[in-house]
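Residues per chain are reported as follows:
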Amino acid sequence: MSARAEARLWLVQRASAAVLALCVAVHLATMIVAVRGGLSAADLLGRTRGSMLWASFYGVFVIAVAIHAAIGVRNVLAEWSRLNERHSGILATIFGSCLLVLGLRAVAAVVL
């Protein structure tokens, strides 16, 4: 892979990390406030049902996770396994795609 492509992946992974930091902070703050407010899991699910705001938020969260994790897995496979860069990229893409599909299904189950 060219140095430009590697630099692009590095930048995308750092950008996804920034999105993840914000999403994790919002998620944790929301959960802490909800639990301290006495809400149960059923109450939380009732409040998220039909909310496009929460669907959008968690959709962005899932997309950032899938991108960030796939690039990280690609790098680990390329550096620590006997796989070449192409095969590492293919496996990482499959892994990231699975995360994306499963995560978006979970968002749909909670919000729709």
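Before any of the text, the structure's been laid out above.
As the structure is a prediction and not an experimental result, all values here were calculated from the model.

A. Main features of the overall build of the chain. Within the chain, the regular secondary structure consists of four helices and zero strands. Along the chain direction, N to C, the helices and strands of the chain fall in the order α-α-α-α. Taking 112 residues into account, the globule formula puts the C-alpha radius of gyration at 13 Å, and the chain, at 17 Å, lies well above it. Along the three orthogonal principal directions, the C-alpha set of the chain runs to about 50 × 25 × 20 Å. Classification of the 112 residues of the chain by burial places 23% in the buried group.

B. Here's a closer look at the packing of helix α1 (residues 3–36) against helix α3 (residues 52–80). Running from amino to carboxyl end, α1 crosses α3 at an angle of 140°, the nearest separation of the two axes being 8 Å. Relative to α3, α1 is oriented oblique. In the crossing of α1 with α3, the sense of the turn from one axis to the other is left-handed. Of the residues that constitute the contact of α1 with α3, the class distribution is 18 nonpolar, seven polar and two charged.

C. Region of interest: the environment of tryptophan 54. Along the chain, tryptophan 54 turns up in helix α3. Given the relative accessible area of 25%, tryptophan 54 is considered partly exposed. For the pair formed by tryptophan 54 and valine 73, sequence separation is 19 residues and the distance between their alpha carbons is 28 Å.

D. How the structure looks around a nonpolar patch on the surface. A grouping of Val12, Ile63, Ile67 and Leu104 is seen on the molecular surface, where their side chains present a nonpolar patch of about 280 Å² in accessible area. Here isoleucine 63 lies in helix α3. According to the relative accessible area criterion, isoleucine 63 is partly exposed, its value standing at 40%.

E. Geometry of the nonpolar core. Judged by nonpolar contacts, Leu20, Cys23, Ala55, Phe57, Tyr58, Phe61, Val62, Ala64, Val107 and Val111 together constitute the single largest core of ten residues. Counting only elements with at least two residues in this core, the list comes to α1, α3 and α4 (85–111). At six residues, the largest contribution of residues to this core is made by α3.

F. Fine view of the side chain of arginine 74. Inspection of the secondary structure puts arginine 74 in helix α3. In this structure, arginine 74 is in contact with Met1, Glu6, Leu9, Glu85, Ser88, Gly89 and Ala92, ignoring residues within four places of it in sequence.

Conventions we followed
- Residues numbered from 1 in each chain as written.
- Predicted model: local features only at pLDDT ≥ 70, side-chain atom pairs only at ≥ 80, totals over all residues.
- Heavy atoms only, no water.
- Helix = DSSP H or I, 4+ residues; strand = E, 2+ residues; numbered from the N terminus.
- Rg over C-alpha atoms; globule rule 2.2 N^0.38 Å.
- Buried < 20%, exposed > 50% of the residue type's maximum accessible area, 1.4 Å probe, protein only.
- Axes fitted to C-alpha atoms, helices over the stretch in contact; angles between N-to-C directions.
- Parallel < 35°, antiparallel > 145°, perpendicular 65-115°, else oblique.
- Left-handed = near helix turned anticlockwise from the far one by under 90°.
- Nonpolar A, V, L, I, M, F, W, Y, C, P; charged D, E, K, R; others polar.
- Patch = residues over 30% accessible without salt bridge, like charges linked within 9 Å, V, L, I, M, F, W, Y side chains within 5 Å.
- Areas by Shrake-Rupley, 256 points an atom, 1.4 Å probe, with all protein chains shown as cover.
- Salt bridge = Lys/Arg side-chain N within 4 Å of Asp/Glu carboxyl O.
- Core = buried A, V, L, I, M, F, W, Y, C linked by side-chain atoms within 4.5 Å.
- Contact = heavy atoms within 4.5 Å.

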